[in-house]
Amino acid sequence: ATLTVHGTSTLHNWSLTARQFTGTAEFGVSNGRVSSLSTLHVAIPVRSLKSESSGMDKNAYDALHAAKFPQITYELTSATVTYPGGKSSAITASGNLIVNGVPRPATLHATASVRSDGTIAVSGTTGVKMSEFKIERPTFLFGTMKTGDAVTLNYSLMFRPTPGTQARVEGR
């Protein structure tokens, strides 16, 4: 399971990747495809976001106020599932994304598939702006370089079946 945040700056593109998650989801499965999504909660520790530079990591944790808001969370409010073809399902999930302690409505568009072992793979991409979450864009080189406001979130999650109808997200 991964979440990668891609962004830009006046000097170069950058990315941060998290591989630690907790969460639960309740999917319906019919004819080997995801047919519904009724609950979804995912939490990502801010300090699990890593780049190729510990200095960049520190700047990101400072910008996200990691000490005060240690997690990024997403909570589903509603979802629709369609079948674009093949064995995959398309999910449009509406919910609340909380970053930097600021909740914002967020719609995620994802592709889901059921694997032979019953694991459900979900992946997608969405764009957000740091300013929507009151994140002061990090600067470096004494303020001469600044990150762009828009970032892209790429996510790939694996939900393992557990007793009952819920699945939990894998990630470490």
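Residues numbered from 1 in each chain as written. Predicted model: local features only at pLDDT ≥ 70, side-chain atom pairs only at ≥ 80, totals over all residues. Heavy atoms only, no water.

Caption draft 1: Expanded view of the side chain of Ser48. Tracing the chain through its elements places Ser48 in the loop between strand E4 (33-45) and helix H1 (54-63). Here Ser48 falls in the buried class, since its relative accessible area comes to 7%. At a separation of 2.6 Å, a polar atom in the side chain of Ser48 contacts the main-chain carbonyl oxygen of Pro45. Once residues lying within four places of it in the same chain are set aside, the contact partners of Ser48 are Thr17, Ala18, Arg19 and Gln20. (Helix = DSSP H or I, 4+ residues; strand = E, 2+ residues; numbered from the N terminus. Buried < 20%, exposed > 50% of the residue type's maximum accessible area, 1.4 Å probe, protein only. Polar contact = N/O pair within 3.5 Å; in protein donor to acceptor, adjacent residues only side chain to side chain. Contact = heavy atoms within 4.5 Å.)

Caption draft 2: Just the pattern of salt bridges, in detail. Here the structure, examined in full by the defined rule, presents 1 salt bridge. Among the salt bridges present, the one from Lys58 reaches Asp62, with a minimum N-O distance of 2.8 Å. Of this pair, Lys58 and Asp62 are both found in helix H1, 4 residues apart, which corresponds to roughly one turn of the helix. The partly exposed category is assigned to Asp62, whose relative accessible area is 43%. (Salt bridge = Lys/Arg side-chain N within 4 Å of Asp/Glu carboxyl O.)

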